[in-house]
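Architecture and fold: a report
So the chains spell out like this:
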Amino acid sequence: MGDSAIQIRVGDADDWAAVAVLIGNAFHETLDPKANEVEASVVEPERTLVADDAGTIVGHAAAYTRELTVPGAILPAAHVTLVSVAPTHRRRGLLTQMMHRQLREIAAEGREPVAALWASETKIYPRFGYGPAAQRLRMEISTREVRPPAVLPGSGSRLRLVAPADAIAEFSKLYEQLRPERTGWSSRDDRWWRYVLADLESQRDGATALHGVVHDTPQGPTGYALWRVKSRWDRFGPNSDVRIREVVAADPAAYSALWNFLLTIDLARTASVHFAAVDEPLQYLVDEPRRLGSTLADALWIRVVDLPKALAARAYAAPVDVVLDVTDPLLAANTGRWRLTAGPDGAATCTPTTDPADLACTILELGSAYLGATSLATLGAAGAVRELTPGALPRAATAFGWHRLPNPTEVF
């Protein structure tokens, strides 16, 4: 039960100083003034909720107004973030109150059919209907044990070093060109580019400033990469680590050239990347993929807020006509039977129906499957999706899949 003395209210700009202290306490960080300024630059006070205990902010939840690429479409999506409760006020239901209110308000606004977040602790968010929709690869690459991708022959292509902050226009143009096809990418306006490229010394972990490289062709840039280097020396000599932030490439030639460059930087013996796709092509371009040191980690969690709008908005990998019996304990409008129909072109409709259901699940399973990475058939094998019509589950699982796995590139 909630504490009636604590008010959940919409935040304002004057709350940020106290919120920053709260976030620091919750995540065991201390924001220096510059980091505080950078974080504040993307906060939307009107989309924040604070738990106010007689003038002291003891809880916070927020959302950013951004778009998210989903299979075959780009959608407005509430990017939920900065969720925390003061250590003195845990176990009072404040998190539940804020998350419930936030979901109700997103639904009432009617603009964002899904919400997305990165979970600090994965056991927290399923109870609010968020499902694990995308994973990522973390790679700790032994660069001396891996033959880098061969640079593909190209006409007049070259690599050009850039200062990242001076290359926002080039990065942004390429990012926007590729974003419609990159499931899991979030939109970046100029404000968000400045945030992503904010190169705060306090957050470098002793590494260099952020570096940038662009892959140029006579037709214009076709790729870029961002990285820094943690300089290390031991008794055998140089042992530095190349810390790769982002690799964006429009074609195989740019992709191979950028990875060849990153894996052959002088004085380095390792390279690390924490936001690779589970189906990252690099795994199939090197001679010793074990030495990529790949491990899986969770990434985006998706909450379907407006079921018919969300399911009709994305594309499907195969024709499908299925009736879903869905339960949503928090947003009652999603509960019921829905007929999802998609034709050969992938375009879909989702409408209420009284027809017998083919599959039954909760809203969480639809969030898990939404980006095309988590199979409905796998969820069925776990008992989370029930097949009521024989053969309906494999057909629906095929339709909900996608030709490339999602590649979330940034924690927000």
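Description of the structure in this document. (Residues numbered from 1 in each chain as written. Predicted model: local features only at pLDDT ≥ 70, side-chain atom pairs only at ≥ 80, totals over all residues. Heavy atoms only, no water.)

**A word on the packing of aromatic side chains**
Tallied over the entire structure, the rule returns 13 aromatic pairs. Judged by centre distance (5.0 Å) and plane angle (70°), the ring pair of Trp-192 and Tyr-195 falls under edge-to-face. Remark: Tyr-195 and Trp-192 occur in helix H5 (residues 190–196); sequence separation between them is 3 residues, near one turn of the helix. Taken together, the aromatic side chains of Phe-171, Tyr-175, Trp-185, Trp-193 and Tyr-224 make up a single cluster linked through ring pairs. Against the face of Trp-193 rests Arg-188, its NZ or CZ located 4.7 Å from the ring centre. In this structure, Arg-245 packs its charged tip against the face of Phe-275, placed 5.4 Å from the ring centre. (Phe/Tyr/Trp six-rings, centres within 6.5 Å; stacked < 30°, edge-to-face > 60°. Helix = DSSP H or I, 4+ residues; strand = E, 2+ residues; numbered from the N terminus. Lys NZ or Arg CZ within 6 Å of the ring centre and 35° of its normal.)

**Observations regarding the sheet that holds strand E4 (residues 73–85)**
In spatial order, the strands read E1-E2-E3-E4-E5-E16-E6; together these 7 strands make up an open sheet with mixed pairing. Edge positions in the sheet fall to strand E1 (7–10) and strand E6 (131–132), since each has one partner strand and no second. Bridge count for strand E3 (residues 56–70) against E4 is 11 bridges, and the pairing is antiparallel. When the bridges of E4 are listed, Gly-59 appears paired with Val-85. Contacts between helix H1 (residues 16–27) and the sheet are confined to strand E2 (48–53), E3 and E4, with E4 contributing the most and set at about 80° to the helix. The strands that helix H3 (residues 94–109) touches are E1, E2, E3, E4, strand E5 (114–118) and strand E16 (300–304); relative to E4, the one it contacts most, it runs at about 160°. (Pairing = 2+ DSSP bridges. Contact = heavy atoms within 4.5 Å. Axes fitted to C-alpha atoms, helices over the stretch in contact; angles between N-to-C directions.)

**Notes on unusual backbone geometry**
For Arg-91, which is not glycine, the phi dihedral falls at a positive 65°. Locating Arg-91 in the fold gives a position in the loop between E4 and H3. Non-glycine residue Asp-205 carries a positive phi angle of around 55°.

**Focus: the environment of Val-85**
Here Val-85 is to be found in strand E4. Classification of Val-85 as buried rests on a relative accessible area of 18%. Separated by 120 residues in sequence, Val-85 and Asp-205 have C-alpha atoms that sit 27 Å apart. The residues contacting Val-85, other than those within four sequence positions of it, are Leu-22, Ala-26, Val-58, Gly-59, Arg-90, Leu-94, Leu-95 and Met-98. (Buried < 20%, exposed > 50% of the residue type's maximum accessible area, 1.4 Å probe, protein only.)

**Digging into H1**
Taking 1.5 Å per residue as the helical rise, H1 with its 12 residues ought to reach 16 Å, and the 16 Å between its terminal C-alpha atoms agrees with that figure. Considered for burial, the residues of H1 that qualify are Trp-16, Val-19, Ala-20, Leu-22, Ile-23 and Gly-24. Buried residues belonging to H1 abut helix H2 (33–40), E2, E3 and E4. Positive phi shows up at His-28, right after H1, with a value of about 60°. (Expected span 1.5 Å × (residues − 1).)

**Section: the pairing of strand E13 (residues 240–249)**
As a general feature of sheets, a regular strand has side chains that alternate between the two faces. Counting buried residues along E13, 7 of its 10 residues qualify, which places the element largely inside the surrounding structure. Where strand E10 (residues 220–230) lies against E13, 8 bridges are found, and the strand directions are antiparallel. Counted as the bridge partner of Arg-228 is Arg-243 from E13. Judged from the 5 bridges that link them, E13 and strand E14 (residues 268–276) form a sheet pairing that is parallel. By the bridge assignment for E14, Ser-240 is matched with Ala-268.

**Focus on the nonpolar core**
The nonpolar side chains of soluble globular proteins are, as a tendency, buried together. Counting residues in hydrophobic clusters, the biggest one holds 89 residues, and the most contacted among them are Tyr-130 and Leu-311. It is E4 that provides the largest number of residues to this core, a total of 8 residues. Residues within four places of Tyr-130 in sequence aside, it is in contact with Val-80, Met-99, Gln-102, Leu-103, Ala-115, Ala-116, Leu-117, Tyr-125, Trp-301, Ile-302, Arg-303 and Leu-364. (Core = buried A, V, L, I, M, F, W, Y, C linked by side-chain atoms within 4.5 Å.)

**Thoughts on the side chain of Thr-353**
Mapped onto the elements, Thr-353 comes out in the loop between strand E19 (348–352) and strand E20 (359–362). The contacts of Thr-353, once residues within four sequence positions are left out, are Val-323, Arg-337, Trp-338 and Arg-339.

**Comments concerning the sheet that holds E20**
Read across the sheet, 5 strands follow the order E19-E18-E17-E20-E21 without closing on themselves; strand pairing throughout is mixed. Because the sheet does not close on itself, it has two edges, and the strands there are E19 and strand E21 (386–387).

**Side note on the environment of Leu-371**
Mapped onto the elements, Leu-371 comes out in the loop between helix H8 (363–369) and helix H9 (376–381). The class for Leu-371 is buried, based on a relative accessible area of 0%. Sequence separation of Leu-371 and Ala-134 is 237 residues, and the distance between their C-alpha atoms is 7.1 Å. Apart from the residues lying within four places of it in its own chain, the contact partners of Leu-371 are Thr-69, Val-70, Pro-71, Ala-133, Ala-134, Thr-183, Leu-300, Ile-302 and Pro-406.

**What about the side chain of Glu-44?**
Along the chain, Glu-44 turns up in the loop between H2 and E2. In this structure the side chain of Glu-44 is engaged in a polar contact, spanning 2.6 Å, whose partner is the backbone nitrogen of Thr-65. In this structure Glu-44 touches Ala-63, Tyr-64, Thr-65 and Arg-191, once residues within four positions along its chain are discounted. (Polar contact = N/O pair within 3.5 Å; in protein donor to acceptor, adjacent residues only side chain to side chain.)

**Section: the pattern of salt bridges**
Counted according to the given criterion, the structure contains 27 salt bridges. Put simply, Arg-101 and Glu-105 hold a salt bridge, and the shortest N to O gap is 2.7 Å. Of this pair, Arg-101 and Glu-105 both sit in helix H3, 4 residues apart, which is roughly one turn of the helix. Between Glu-112 and Arg-111 there is a salt bridge; the shortest N-O distance is 3.0 Å. For Glu-112, a relative accessible area of 6% puts it in the buried group. Residue class for Arg-111 comes out partly exposed when judged on its relative accessible area of 39%. (Salt bridge = Lys/Arg side-chain N within 4 Å of Asp/Glu carboxyl O.)

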